[in-house]
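# Observations on the three-dimensional arrangement
If you want the building blocks of each chain, they are given just below.
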Amino acid sequence: METILAIDIGGTHQRFAEISLTGDILEKNTYQSHPHISSEEFFEILRKRISDRLKKTSFLGVAVALPVLMPVLMNEKVGNNSVQDAPNLPFLVGVDLAQSFSFLSVPWIVENDANCALLGEAWLGEGQKESSFCCLTLGTGIGSGLFLNGKLWKGVRGMASEMGHLKIDFLGNTPCTCGGQGCLEAFASATALQKKTGYTAQELYGMACRRESLALHAFEQMGESLGRGIGSVANLLNIDLFILAGRLSQAFEFFYPSCIRVAKESAMKGPRQHLKIVQSKLGDDAGLLGAAWLIKKKFQL
Ligand code: ADP
Ligand code: MG
Ligand code: ZN
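Fair warning: this is a prediction, and the values are worked out from it, not measured in the lab.

Take the overall build of the protein chain next. A tally of regular secondary structure across the protein chain gives 10 helices and 11 strands. Computed over C-alpha atoms, the radius of gyration of the protein chain comes to 19 Å, within 12% of the 19 Å expected from 2.2 N^0.38 for 301 residues, which places it in the range of a compact globule. Expressed as a percentage of its 301 residues, the buried residues of the protein chain come to 54%. Within the protein chain, counting contacts between residues at least 6 apart in sequence, those at least 24 apart form 64% of the total.

Here it is in structure tokens:
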């Protein structure tokens, strides 16, 4: 059977999966990410993990979802395109990805992780029947992808849709990993929750399940921030559907009520009418599936 090796790299987790052309995940491994290593060490580990798998299986191609901004859709034919921003894996800034992946002897592709999650949702998730929608990945940071008129919107230079760095607060001076202040990510990511409460998002989820008020309050506030961002984007684009993926979206039931309330308060009467915010059913797999889809598309399969 022809299969694809899909890799989704985040600030907290790295996921490797063997995926069939119909989107079945045949094998999956998850590893911890190490945010404080050098890019050389990072690629050495990555190369080893990929090479081990390539020895056992002849993949059609390798697709890598990375939490970075890069100037164009990368593939093996494009060079001289270095990473511009990587708030959650800062050692990747300046890295020439075409060169870093040149060790691969099979076709490969690299795409922004949230764009991959969006494509996964469009292929097999909540976005299947939608011509336009937004997907947010809630994890270490906040990524987002835009599907407009049936296509991934990449922006003029390939770096569109950084909703995590939409400014939602101008009064305080909450610093963000991007170097700016007042960004959505600084209020509604797992990193932000942990900074604020001293507990990881996963711990807060457990506490919220036990109805502990500290956690319930933290998720309520997180939902409000997210709602502010979503409401603004609804005004800008008149998109009805926002899909929430990433591990932090597992706490959906706790932040959704304040999120939809504030999103509707923030959006104008017209754009808010059909506004829907839903939890991804693909969960952790959205990015892997979208990455795999890019290889499928490359071969027109
Ligand atoms: P990334 O792609 O950035 O590596 P993930 O999507 O894997 O991130 O999300 C990791 C974050 O999700 C961690 O900060 C963890 O605390 C949080 N997390 C894991 N499980 C849950 C849960 N059930 N509810 C809320 N947050 C969770
Ligand atoms: Mg991720
Ligand atoms: Zn920012």
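Our focus in this paragraph is the pattern of salt bridges. Applying the stated criterion across every chain yields a total of 10 salt bridges. Ionic pairing is found between Asp284 and Arg247, a salt bridge with its closest N-O pair at 2.9 Å. Taken together, the residues Asp284 in the loop between strand 11 (276-279) and helix 10 (286-298) and Arg247 in the loop between strand 10 (241-245) and helix 8 (252-266) connect sequence positions 37 residues apart. Residue Asp284 is classed as buried on the basis of its relative accessible area of 16%. What emerges from the salt-bridge pattern is a single network uniting Arg15, Arg247 and Asp284.

This next bit is on the packing of aromatic side chains. By the definition in use, this model includes 11 aromatic pairs. When the ring of Tyr205 is compared with that of Phe254, the centres are 5.9 Å apart and the planes differ by 65°; the resulting orientation is edge-to-face. Taken together, the residues Tyr205 in helix 6 (residues 201-209) and Phe254 in helix 8 connect sequence positions 49 residues apart. Judged by relative accessible area, Tyr205 falls into the partly exposed class, the value being 29%. Pairing Phe252 with Tyr256 gives two aromatic rings, centres 4.9 Å apart and planes at 25°, and the pair type is stacked. Of this pair, Phe252 and Tyr256 both sit in helix 8, four residues apart, roughly one helical turn. A relative accessible area of 12% means that Phe252 is categorised as buried. Following the ring pairs from residue to residue traces out a cluster consisting of Phe42, Phe43, Phe91, Phe101, Phe103 and Trp108. We note Arg47 situated over the ring of Phe103; from NZ or CZ to the ring centre the distance is 5.1 Å.

Looking now at the packing of helix 7 (residues 213-237) against helix 8. Direction vectors running N to C along helix 7 and helix 8 enclose 35°, while the axes themselves pass 6 Å from each other. Helix-helix and strand crossings are classified by hand; for helix 7 and helix 8 the assignment is right-handed. Side by side, helix 7 and helix 8 meet where Leu216, Phe219, Glu220, Met222, Gly223, Glu224, Leu226, Gly227, Arg228, Ile230, Gly231 and Asn235 of the first sit next to Phe254, Phe255, Ser258, Cys259, Arg261, Val262, Ala263 and Ser266 of the second. Looking at the contact of helix 7 with helix 8 residue by residue, the classes come out as 10 nonpolar, six polar and four charged.

As for its position among the elements, Asp285 is in the loop between strand 11 and helix 10. Beyond its immediate sequence surroundings of up to four residues, Asp285 is in contact with Ile25 and Lys28.

Here the zinc ion (ligand 3) is held by His165 (ND1), Cys176 (SG), Cys178 (SG) and Cys183 (SG), and the distances to it run 2.0 to 2.4 Å. For the zinc ion (ligand 3), the four donor atoms in the first shell make angles of 104 to 121° at the metal, a pattern classed as tetrahedral. Sequence spacing of the donor residues for the zinc ion (ligand 3), all on one chain, is H-x10-C-x1-C-x4-C. On the basis of relative accessibility, which here comes to 33%, the residue Cys178 falls in the partly exposed class. Residue class for Cys183 comes out buried when judged on its relative accessible area of 0%.

With that out of the way, let us pick up the domain arrangement of the protein chain. Segmenting the protein chain into domains produces domain 1 (3-116 + 285-298) and domain 2 (128-281). Facing the 16 residues of domain 1 at the interface are 17 residues of domain 2. When domain 1 packs against domain 2, close to 1,400 Å² is buried across both sides, 52% of that on carbon and sulfur atoms. Contact with domain 2 buries surface across domain 1, with Asn88, Ala114 and Asn115 losing the most and accounting together for 34% of the total. Our count for the domain 1 to domain 2 interface comes out at one salt bridge. Close ionic contact of Glu111 with Lys154 constitutes a salt bridge, the shortest N to O distance being 2.9 Å. Connecting domain 1 to domain 2 are three residue pairs in polar contact (both at pLDDT 80 or more). Of all the elements in the fold, those that place two or more residues in the side of domain 1 that touches domain 2 are strand 2 (13-20), strand 6 (108-112) and helix 3 (113-124). Per-class residue counts for the side of domain 1 that touches domain 2 are seven nonpolar, seven polar and two charged.

Calculation notes
Residues numbered from 1 in each chain as written. Chains lettered and ligands numbered in written order. Predicted model: local features only at pLDDT ≥ 70, side-chain atom pairs only at ≥ 80, totals over all residues. Heavy atoms only, no water. Helix = DSSP H or I, 4+ residues; strand = E, 2+ residues; numbered from the N terminus. Rg over C-alpha atoms; globule rule 2.2 N^0.38 Å. Buried < 20%, exposed > 50% of the residue type's maximum accessible area, 1.4 Å probe, protein only. Contact = heavy atoms within 4.5 Å. Salt bridge = Lys/Arg side-chain N within 4 Å of Asp/Glu carboxyl O. Phe/Tyr/Trp six-rings, centres within 6.5 Å; stacked < 30°, edge-to-face > 60°. Lys NZ or Arg CZ within 6 Å of the ring centre and 35° of its normal. Axes fitted to C-alpha atoms, helices over the stretch in contact; angles between N-to-C directions. Left-handed = near helix turned anticlockwise from the far one by under 90°. Nonpolar A, V, L, I, M, F, W, Y, C, P; charged D, E, K, R; others polar. Donors = N, O, S within 2.8 Å, 3.2 Å for Na, K, Ca; no water. Tetrahedral: all angles 85-135°; square planar, octahedral: opposite > 155°, others 65-115°. Domains from an automatic or database assignment. Buried area = accessible area lost by both parts, 1.4 Å probe. Polar contact = N/O pair within 3.5 Å; in protein donor to acceptor, adjacent residues only side chain to side chain.

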